[in-house]
Amino acid sequence: MTFSIKSRAEEIKKLKTRRLDLLVIGGGITGAGLALQASAAGMRTALIDMQDFGAGTSSRSTRLVHGGIRYLKSFDVEVVSETVQERAIIQHVAPHVTRPDPMLLPIYDEPGTTFSMFSVKIAMDLYDRLAGINKSEYLKKYANYTLDKEQVLKLEPQLNPENLAGGGVYLDYLNNDSRLVIENIKKAHDLGGLMVSRMKAVKVLHNQFGNACGVTVKDMISGEEFDVKAKIVLNASGPWSDFVKDLDDKHDQRKTQMRPTKGVHLVVDQSRLNVPKPTYFGSGTNDGRMIFTIPRDGKTYFGTTDTDFKGDLTHPKVDQGDVDYLLKIINKKYPNAHITLDDVESSWAGVRPLVAEEPAPVDDKKKEEEKPDVVSGASDSGSHKLTASQVSRGSSLKRADDGLITLAGGKLTDYRKMADGAMKMIIEIMNTQYARDFKPVDSASIKVSGGDFDSNHAEEELENYAKEAIAAGVDPVGAEKMANIFGSNTEEVIANAKDTKPIAGLSLAETLSLRYSMENEMTLTPEDYLFRRTNNLLFNHDEIKNVKAGVISEMAKYYDWTDDQIKDYTEKTNELINEAELDYLKDAAAVEA
Ligand SMILES: Cc1cc2nc3c(=O)[nH]c(=O)nc-3n(C[C@H](O)[C@H](O)[C@H](O)COP(=O)(O)OP(=O)(O)OC[C@H]3O[C@@H](n4cnc5c(N)ncnc54)[C@H](O)[C@@H]3O)c2cc1C
Ligand SMILES: O=P(O)(O)OC[C@H](O)CO
């Protein structure tokens, strides 16, 4: 069963005719995880996203599945206890996407430090206890431990020794956020869910009793508008949640709940900064922030900032204030690195869907469209009592009087728990108001697409998939990347390897991956492929200019693009790459110099 532009037309027909049980607005990790559970429960489910799946915050995170150890400082134990237990479950359902990788936490005696050597041990022990580390045969080898100053510097000699008190090492997990989204979407689709990208909700519909009974949608490809009927409409639009609620004319538009904050990450080559393991330390700027430096595919990325954001949610950008903030911290913590803006090869910016602790003053949202985003890297609380970093990362599930449900906030790591909570509410409604007999599903036992292998032996299993790809003629480096992206789907990716001639400018591995992705992952544009289905844009700067040409030419053939479309997509892809490289800041700096 294909999941491509061909099947999209078919799914749109069903959207128009089928009376759904559940319509989910938003195809980030929150919506995707819920759509998987609802489809698995046998509900007639559809999910729409006005962009590509995962194009919002869920492709712009720090790419961790983590418990949020820093939240223990503000006693947000509820968030930590949920997320820290979820890590191993997500690694189980998506073992090719989420991988255990112990984090080094250097402790500095500096103003505003989140942890001291005393409190970090308490925090790590609580973190491990909440996660049940010592009870699990597979996990107990990752039990936390502390290091003295010499041991930290032995492990990581580049760190600044000044005021370094020691450190801790504790388990967290690396993740590929947009890959986690698309594997949930594909699984929901396999289970019968209608998954349609580039489909925007534009109005919430009501029946004669004033209850939400569907939405008017706009196909962002054809421009067509039509109604989609559903017993339950659920808003999982992340930072857009207040805007989607405004599509419901029964909603009091003055009631806002979201406090979007921007976070950015910068990427440099490992030749400029080569960290041996994921590292997490206080910013040292007395702002309550902590910064990650993470090795990935021959690169090092670091972040993140946390500033109130009032710009275009669809296109958050890195600004000079963000760069200055992060480089100041990185160059202080790694005094011999001397990282400059010119070393930045790639970057990304995302907007947290934080639920404001206290409702923003009524007129704030209306001004939202006008105000430029706050230019600074540190938390900027603006009109709020709490700084952005102090706001809880907890989630919110609310049902309005007309029945519209909004599931907002949270973190990517607790997407499954958030979906569990929403499913309880949905099942209660369906079984009492529509005399159905739905039951909750145990999504901890439902593998996402590509995850059909033993998660306790993930590394060996992925090596075997890579070996199969090599046997099919794929180069070893490409085979390893392919296995780490597609997991158990690698077998499908290489099915026609022997009869495939590589596309000009692409390796056999990229040729096979691109074709599989267009046919099975609703990959419609070069950005979908280069930024979200693969890590090319972020961690493959050296090759991206060759890969881009091959991707565009193959897509032009597959989608029968006109010359104008080819020109348009080429321009958009170049803009995407140039923006990720921060050329607009580099050019401005060159003018000033
Ligand atoms: C800088 C940063 C770092 C982070 N790091 C981590 C981390 O390492 N680990 C972690 O667990 N969490 C992390 N988070 C948090 C995590 O990324 C988010 O909580 C999560 O991705 C939110 O997912 P979502 O599906 O709720 O929202 P989104 O991913 O934003 O999805 C909402 C979707 O709704 C769609 N939409 C909006 N309006 C409409 C409409 N009218 N019609 C149709 N579709 C619509 C949008 O296109 C979008 O795709 C981080 C966040 C940021 C910003
Ligand atoms: O800054 P936080 O706490 O919202 O977390 C974002 C991190 O970079 C990873 O979750």
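Here is a short report on the structure shown in this document. (Residues numbered from 1 in each chain as written. Chains lettered and ligands numbered in written order. Predicted model: local features only at pLDDT ≥ 70, side-chain atom pairs only at ≥ 80, totals over all residues. Heavy atoms only, no water.)

### Considering the environment of I294
Item 1. Inspection of the secondary structure puts I294 in strand β15 (residues 290-296).
Item 2. Judged by relative accessible area, I294 falls into the buried class, the value being 0%.
Item 3. Distance from I294 to K277, taken between C-alpha atoms, is 6.7 Å for residues 17 residues apart in sequence.
Item 4. For I294, the residues in contact, after removing those within four places along its chain, are T62, L64, L174, V275, P278, K299, T300 and Y301. (Helix = DSSP H or I, 4+ residues; strand = E, 2+ residues; numbered from the N terminus. Buried < 20%, exposed > 50% of the residue type's maximum accessible area, 1.4 Å probe, protein only. Contact = heavy atoms within 4.5 Å.)

### Quick word on empty space enclosed by the protein
To locate leftover empty space, one rolls a probe as large as a water molecule over the atoms.
Item 1. On inspection of all chains with the given rule, the structure shows 7 cavities of 30 Å³ or more.
Item 2. One number sums up the size of the second largest cavity: a volume of about 60 Å³.
Item 3. Together, Y108, E110, N160, E162, N163, K332 and K333 line the second largest cavity. (1 Å grid on protein atoms, 1.4 Å probe; cavity = no way out; pocket = protein on both sides within 12 Å on 5 of 7 lines; lining within 4 Å. Points joined across faces, edges and corners; volume = space filled by probe spheres on them.)

### Some details on the site of ligand 1
Item 1. In the vicinity of ligand 1 lie 37 residues, with T30, D49, S58, L64 and T413 positioned nearest.
Item 2. Within the side chain of Q51, a nitrogen or oxygen atom sits 2.8 Å from an oxygen atom of ligand 1.
Item 3. In this structure, an oxygen atom belonging to ligand 1 sits 2.9 Å away from a main-chain N or O atom of T57.
Item 4. Compared with its free state, where it exposes 1,000 Å², ligand 1 has 98% of that area covered by protein. (Near = heavy atom within 4 Å. Polar contact = N/O pair within 3.5 Å; in protein donor to acceptor, adjacent residues only side chain to side chain. Areas by Shrake-Rupley, 256 points an atom, 1.4 Å probe, with all protein chains shown as cover.)

### Quick notes on the site of ligand 2
Item 1. Taken together, T62, H66, R70, Y71, R289, F292, T304, R352, R393 and K411 form the complete shell of residues around ligand 2.
Item 2. In this structure, an oxygen atom belonging to ligand 2 sits 2.5 Å away from a side-chain N or O atom of T62.
Item 3. Within the side chain of R289, one N or O atom sits 3.0 Å away from an oxygen atom of ligand 2.
Item 4. Contact with the protein chains removes 92% of the 300 Å² of surface that ligand 2 exposes when unbound.
Item 5. Looking at the shell around ligand 2, its residues break down into 2 nonpolar, 3 polar and 5 charged. (Nonpolar A, V, L, I, M, F, W, Y, C, P; charged D, E, K, R; others polar.)

### Notes on the sheet that holds strand β8 (residues 173-174)
Item 1. Across the sheet, 3 strands lie side by side as β3-β8-β4; this open sheet has antiparallel pairing. Edge positions in the sheet fall to β3 (64-65) and β4 (99-100), since each of these pairs with one other strand and no more.
Item 2. The pairing of β3 with β8 spans 2 bridges and is classified as antiparallel. Paired with L64 across the bridge in β8 is L174. (Pairing = 2+ DSSP bridges.)

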